[in-house]
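The primary structure of each chain is shown beneath.
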Amino acid sequence: MSRSSAADSVGSLLAEIANFLVDGVRILSLSDRRHWGQDEHEQLRALEDALDEAKKDFQGLAPLVNGQSHYENDRSHDSLVALRQLRNNFSAHIGCLKDWSRLGGPIDPAWVRDTQALQRDLHRAQYRAAGRIFTSGQESSTRCLGAFLVYRQQRAWRNRQELSVEEGGYQRRHLEELRVCNNVGSFHRHGEEDIAFICDFCDGHLIWEDLDKMPSVRTAHDNSIWTSSPTATTLPLANPTPANQPSPSPVPPAQRPGQPQWQATGFSKSQYEQKQVVFAPVAIANHSVPIGGGWQSFITCPFCEDEADGPRDKDDEEDVWQPEGLFEDVASFQEHLEWQHPALSAATPAESTCLVM
Ligand SMILES: [Zn+2]
Ligand SMILES: [Zn+2]
C-alpha cells in the first residue's frame, strides 16, 4: 500500500488525503439510506467533519507560512514521512468503506472512532508541517509558530497602548488569549497532579506542576496593560475536576503600573492550597520547539527580551540579542519571574527594571 514518490509535497499528499475523504463521503451518500441506522449517519457525519477541518486547517495555516503555494510545495522530510503514513492510513480506512458498500449489511460502528482518530492525526500533521516551515524560515527567534500566534495577539494589544479599557475588557482579553492557546494546542491532566499544555505545532510540552485547574485570568493587572477579576472560570481540560470547589479569592492588585503581569491564582492539586502560577498564555506565547530529542519546550523570558531591545521575531534583521533568558521548564521560568520580574508591590523600583512597556 505504501507509496513514495519524489514528486510528493505537502500539497499533493494533502490532496490525496482529501480525495480519500471525498470518496468516503460519496460511498455513503450513494448507499441505500433505507437500511441506514444511527451508525451510518454518524459515519457520514464523521467523514464530513474530518473533511471540513482539513480544509479549514489548510486555509488557516497557509497564510501563516508565506502563502498557499509555499505551504503546498513544501517538502520537509519529516512532513512528507508523516503525511505519507497518514495517506496510507486513510487509504486503508476508506478501503473498509468500499468493502462495506460492496458486501452490504450494517456498518462497523468502530469505524467512526477510526475516522475521528485519523482526523486528529491529520490536524496535528498539518500543524506540524506548518510549524516546520515557520521554524526553518527563522534565524533569530526561538518561538515556535504556535507560540508566535499567541505572542502576536499579545503584542497587538500592547502596541495599542490604550490608557483605559472598558469594564470587563481585560478579562475578555485574557479569555481571548486562552482561546488562541486552545487553537494552537491543548491542556491535559499530566500524571496525578500536573497539567500539561501540548502544542500542536511542535509537540512541545509545558508542565505546570501540582495544579488543580488552569486559571483563566491573570491575578491582577498592570494598569496600562492587563486587568482581571479572578474568577472560577477554567480552561477546558481533558480530565475535568468537580466544579463545587471554592474559587480563588482575589489577591489585592497592589502593583504599580508598568510591572510585568504574569501571575495567575490557582490551587495546588495535592493540598488544595492557593498558589501563584505563571498565567498559561505567558508561557505558551514564549515556548520553543523542543531540542535535542527532548519533549519539553524551552521558554524565553519575554520581559528580559523586551528589555534587551525589543521583541524578536522573524521580521527582525539583525539579532544582537543573546537568549540568556531561556528556561527549560515552567518551574524554572516561574522562579526567574519571581526573582527578576516580581509582579507584586513588594518590588522596589530598582528591582522592577524589566518593564512590560
Ligand atoms: Zn509549539
Ligand atoms: Zn526575565
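Let me sum up the structure you'll find in this document. (Residues numbered from 1 in each chain as written. Chains lettered and ligands numbered in written order. Predicted model: local features only at pLDDT ≥ 70, side-chain atom pairs only at ≥ 80, totals over all residues. Heavy atoms only, no water.)

**Focus: the overall build of the chain**
Thought 1: Along the backbone of the chain there are 10 helices and seven strands.
Thought 2: Taking all 357 residues of the chain together, 50% fall into the buried category.
Thought 3: Relative to all contacts within the chain whose residues are 6 or more apart in sequence, the contacts with residues 24 or more apart total 71%.
Thought 4: Carbon and sulfur atoms form 50% of the exposed surface of the chain, whose accessible area is close to 17,300 Å². (Helix = DSSP H or I, 4+ residues; strand = E, 2+ residues; numbered from the N terminus. Buried < 20%, exposed > 50% of the residue type's maximum accessible area, 1.4 Å probe, protein only. Contact = heavy atoms within 4.5 Å. Areas by Shrake-Rupley, 256 points an atom, 1.4 Å probe, with all protein chains shown as cover.)

**Section: the side chain of histidine 205**
Thought 1: With respect to the secondary-structure elements, histidine 205 resides in strand E3 (residues 205-208).
Thought 2: Those residues in contact with histidine 205, other than ones at most four positions away along the chain, are Phe197, Ile198, Trp295, Gln296 and Ser297.

**Details of the coordination of the zinc ion (ligand 1)**
Thought 1: Protein-derived coordination of the zinc ion (ligand 1) comes from Cys144 (SG), Cys199 (SG), Cys202 (SG) and His287 (NE2), at a distance range of 2.1 to 2.3 Å.
Thought 2: Of note is the zinc ion (ligand 1), whose four donor atoms meet at the metal with angles of 101 to 117 degrees in an arrangement that counts as tetrahedral.
Thought 3: Motif for the zinc ion (ligand 1), donor spacing along one chain: C-x54-C-x2-C-x84-H. Of this pair, cysteine 199 sits in strand E2 (residues 194-199) while histidine 287 sits in the loop between helix H8 (280-284) and strand E6 (299-300), and the two are 88 residues apart along the sequence. (Donors = N, O, S within 2.8 Å, 3.2 Å for Na, K, Ca; no water. Tetrahedral: all angles 85-135°; square planar, octahedral: opposite > 155°, others 65-115°.)

**Brief notes about the coordination of the zinc ion (ligand 2)**
Thought 1: All of the protein donors around the zinc ion (ligand 2) are Cys301 (SG), Cys304 (SG), His336 (NE2) and His341 (NE2); their distances to the metal are 1.9 to 2.2 Å.
Thought 2: Linear spacing of the donor residues for the zinc ion (ligand 2) on their chain is C-x2-C-x31-H-x4-H.

**A few points about helix H6 (residues 145-160)**
Thought 1: The terminal C-alpha atoms of H6 lie 23 Å apart, and with 16 residues this matches the ideal 22 Å at 1.5 Å per residue to within 8%.
Thought 2: Contact partners of the buried residues in H6: helix H5 (111-136), helix H7 (169-184), E2, H8 and helix H9 (302-307). (Expected span 1.5 Å × (residues − 1).)

**Structural notes on the environment of isoleucine 27**
Thought 1: On the secondary structure map, isoleucine 27 appears in helix H1 (residues 10-30).
Thought 2: Distance in space between the C-alpha atoms of isoleucine 27 and isoleucine 94 is 9.1 Å, their sequence separation being 67 residues.
Thought 3: When neighbours within four sequence positions are excluded, isoleucine 27 is seen to be in contact with Ile94, Leu97, Lys98, Trp100 and Ser101.

**Observations regarding the packing of H1 against helix H2 (residues 38-61)**
Helix packing for two helices is described by the angle between their axes and how far apart those axes are.
Thought 1: At a minimum axis separation of 9 Å, H1 and H2 run at an interaxial angle of 155 degrees. Viewed along their axes, H1 and H2 adopt a mutual orientation that is roughly antiparallel. Relative to H2, the crossing made by H1 is left-handed. Across from Leu14, Ala18, Leu21, Val22, Gly24, Val25, Leu28 and Ser29 in H1, the residues of H2 making contact are Glu40, Gln43, Leu44, Leu47, Glu48, Ala50, Leu51 and Phe58. (Axes fitted to C-alpha atoms, helices over the stretch in contact; angles between N-to-C directions. Parallel < 35°, antiparallel > 145°, perpendicular 65-115°, else oblique. Left-handed = near helix turned anticlockwise from the far one by under 90°.)

By themselves these figures say nothing about function.
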